[in-house]
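These are the residues of each chain, in order.
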Amino acid sequence: MKPVVGIFQSRFDAFRAVDGIRAVGVTQEKINILTPGSTDREVAAVAVSETEQPGMGAAIGTLVGGSVGAAGGFSAGAALASLLVPGVGPILAGGLLGMSLLGLGGAATGAAAGDALEDTISGIPRDEIYVYEDALRQGRTIVIAEADDEPHAEAVRQALVDAGAETIDAAREQWWIGLRTAEQETYSDGDFEQDEPYYRKGFEAAQSPAVRGKSFDEALDYLTRHNQIAASHPAFKRGYERGRQFYEKLRTTA
């Protein structure tokens, strides 16, 4: 089943949430944490290989005594990493799912990075990864918990809410609200409010790891298969092109 996710304004609240979800029966190996920022020494240890995406690397091992490991309850030998993610910057990740979520599963699990693009990563839709990236970019910490069943997942959700979590859906809406005014201003030769559902969907689609770096024509087959509204709509295409520009700017300035 789909993992339960909470986004937190601070590491303190995230670590408090970890205590809460462990109290409702989530074991350590089913808890994953992503949090921004690494020490200079940890970032310097990030190895970048030719098989990984440009600028991406992972120093996986035992960051014993690190803030994520200690406060998050990860013991020596747990899967922890200092990662440099294009468009996001340096992060610390605890748990295999947390690492693979940002396209780093090749280093952790043996899967190829880059083009091995399934619709989900351990139950999390690949097309919503940009929401996680934006949260990290904003300095937030993400907790991902793997529940046993739906009743267990509901208990986990409540524990996250009690610790102050924001949902993925709420984070996605806030992301678009922050962009909407500027995008509306560029849409001077059309009815933005009428076309917004198509435009926004195209803009969001351009953030998917499956199509990053691809032109609209190159990505059209994927976009048609993965979007319920018509990818051929002119506003969708326009949103996609603007979304491409947005991501490229993030990637080159982060």
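Residues numbered from 1 in each chain as written. Predicted model: local features only at pLDDT ≥ 70, side-chain atom pairs only at ≥ 80, totals over all residues. Heavy atoms only, no water.

Caption draft 1: View of the layout of surface pockets. Within this model, the second largest pocket holds a volume of roughly 280 Å³. Along the walls of the second largest pocket sit 14 residues, with V4, V5, R157, T167 and I168 positioned nearest its centre. Ranked by residue count, the leading element in the lining of the second largest pocket is helix α6 (residues 150-162), at three residues. Residues that form the lining of the second largest pocket fall into these classes: eight nonpolar, one polar and five charged. (1 Å grid on protein atoms, 1.4 Å probe; cavity = no way out; pocket = protein on both sides within 12 Å on 5 of 7 lines; lining within 4 Å. Points joined across faces, edges and corners; volume = space filled by probe spheres on them. Helix = DSSP H or I, 4+ residues; strand = E, 2+ residues; numbered from the N terminus. Nonpolar A, V, L, I, M, F, W, Y, C, P; charged D, E, K, R; others polar.)

Caption draft 2: Summary view of the pairing of strand β2 (residues 31-36). With six of six residues buried, β2 is to be regarded as a mostly interior element. Of the two faces of β2, both are covered, the one formed by I31, I33 and T35 as well as the one formed by N32, L34 and P36. Note that β2 and strand β8 (residues 141-145) share four bridges and pair antiparallel. Note on β8: the bridge partner recorded for L34 is I142. Bridge count between β2 and strand β5 (residues 89-94): four bridges; the pairing is antiparallel. Note that in β5 the partner of L34 across the bridge is A93. (Buried < 20%, exposed > 50% of the residue type's maximum accessible area, 1.4 Å probe, protein only. Pairing = 2+ DSSP bridges.)

Caption draft 3: Layout of the packing of helix α7 (residues 168-186) against helix α10 (residues 234-253). Closest axis-to-axis distance for the α7/α10 pair is 12 Å, and the angle between their directions is 115°. As judged from the angle between their axes, α7 and α10 are roughly perpendicular. Where α7 crosses over α10, the handedness of that crossing is right-handed. Contacts from W175, L179, E183 and T186 in α7 reach R238, R242 and F246 in α10. Per-class residue counts for the contact of α7 with α10 are three nonpolar, one polar and three charged. (Axes fitted to C-alpha atoms, helices over the stretch in contact; angles between N-to-C directions. Parallel < 35°, antiparallel > 145°, perpendicular 65-115°, else oblique. Left-handed = near helix turned anticlockwise from the far one by under 90°. Contact = heavy atoms within 4.5 Å.)

Caption draft 4: Expanded view of the packing of aromatic side chains. Scanning the entire structure with this criterion turns up 13 aromatic pairs. Taken together, the aromatic side chains of Y130, W175, W176, Y187, F192, Y199, F203 and F246 make up a single cluster linked through ring pairs. (Phe/Tyr/Trp six-rings, centres within 6.5 Å; stacked < 30°, edge-to-face > 60°.)

Caption draft 5: Spatial organisation of the nonpolar core. Counting residues in each nonpolar core, the largest one holds 27 residues, and the members touching the most others are I142 and I144. Mapped by element, the contributors of at least two residues to this core are β1 (4-8), β4 (80-85), β5, α5 (129-137), β8, α7 and α8 (192-205). With near-sequence residues (within four places) excluded, I142 lies in contact with V5, G6, I7, N32, I33, L34, Y132, A135 and L136. In this structure, V26, V143, A153 and A163 belong to the second largest nonpolar core, which totals 18 residues. (Core = buried A, V, L, I, M, F, W, Y, C linked by side-chain atoms within 4.5 Å.)

Geometry only, nothing functional implied.
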